[in-house]
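Inside the fold
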Amino acid sequence: QVQLVESGGGFMKAGGSLRLSCAASGGTFSNYVMGWFRQAPGKEREFVAGVSWSGRITNYADSVKGRFTISRDNAKNTVYLQMNSLKPEDTAAYYCAAGGVVGGIRSDVSAYDYWGQGTQVTVSS
């Protein structure tokens, strides 16, 4: 059983930056693809970014390409999401998730087995 705990959310003005962290415990971190998802009020949870078990391969939603960077440190059992040039439409609860490596980085919620409790990001205009 893998436990995931996100941190780093908060309030930011448009154009600013935030860095989210997700610490994992209870499993072998490098066995998992890691993903970041977000969910705004009244909307479905959507894929933001994913990183392979090694950290060498990443994938991003079109809406965040060029602004967000996902990375992982397997020695620290932590995955990060660096968010730059934030926009009001980035406002959402952000969740990290762990999924199996079969199939590579997937963007569907069902591909991930373990989820954190979420951290709120609010971007003002």
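Conventions we followed
- Residues numbered from 1 in each chain as written.
- Predicted model: local features only at pLDDT ≥ 70, side-chain atom pairs only at ≥ 80, totals over all residues.
- Heavy atoms only, no water.
- Helix = DSSP H or I, 4+ residues; strand = E, 2+ residues; numbered from the N terminus.
- Rg over C-alpha atoms; globule rule 2.2 N^0.38 Å.
- Buried < 20%, exposed > 50% of the residue type's maximum accessible area, 1.4 Å probe, protein only.
- Contact = heavy atoms within 4.5 Å.
- Areas by Shrake-Rupley, 256 points an atom, 1.4 Å probe, with all protein chains shown as cover.
- Phe/Tyr/Trp six-rings, centres within 6.5 Å; stacked < 30°, edge-to-face > 60°.
- Lys NZ or Arg CZ within 6 Å of the ring centre and 35° of its normal.
- Pairing = 2+ DSSP bridges.
- Axes fitted to C-alpha atoms, helices over the stretch in contact; angles between N-to-C directions.

1. A word on the overall build of the chain
For the chain, the helix and strand inventory stands at 0 helices and 11 strands. Listing every helix and strand of the chain by position from the N terminus yields β-β-β-β-β-β-β-β-β-β-β. Against the globule reference of 14 Å for 125 residues, the chain gives a C-alpha radius of gyration of 13 Å, in line with a compact fold. With respect to the three principal axes, the spread of C-alpha positions in the chain is 40 × 25 × 25 Å. Buried positions account for 45% of the 125 residues belonging to the chain. Across the chain, contacts joining residues at least 24 apart in sequence account for 60% of those joining residues at least 6 apart. When the accessible surface of the chain is split by element, carbon and sulfur atoms take 48% of a total near 6300 Å².

2. Section: the environment of Glu 89
With respect to the helices, strands and loops of the structure, Glu 89 is situated in the loop between β8 (78-83) and β9 (92-99). Judged by relative accessible area, Glu 89 falls into the exposed class, the value being 57%. Remark: the alpha-carbon pair of Glu 89 and Thr 122, spanning 33 residues in sequence, is separated by 9.0 Å.

3. Quick word on the packing of aromatic side chains
If you walk through the whole model with that rule in mind, you get 5 aromatic pairs. Ring geometry for Phe 37 against Tyr 112: centres 5.1 Å apart, planes inclined by 80°, an arrangement best described as edge-to-face. Placement of the pair is Phe 37 in strand β4 (residues 33-39) and Tyr 112 in strand β10 (residues 112-115), with a sequence separation of 75 residues. Across the pair, exposure class does not vary: Phe 37 and Tyr 112 are buried alike. A connected cluster of aromatic rings, assembled from ring pairs, spans Phe 37, Phe 47, Tyr 112 and Trp 115. For the cation-ring pair, Arg 45 lies above Tyr 95, with the distance from its terminal atom to the ring centre recorded as 3.7 Å. Between the NZ or CZ atom of Arg 45 and the centre of the ring of Trp 115, over which it lies, the distance is 4.9 Å.

4. Let's talk about the sheet that holds strand β7 (residues 68-73)
Sheet architecture is open: 4 strands sit in the order β1-β3-β8-β7, paired in antiparallel fashion. Both edges of this open sheet fall to β1 (3-7) and β7, since each of them pairs with a single strand only. Ignoring strand direction, the axes of neighbouring strands in this sheet form an average angle of 15°. Note: β7 against β8, 6 bridges, orientation antiparallel. Paired with Thr 69 across the strands is Gln 82, a residue of β8.

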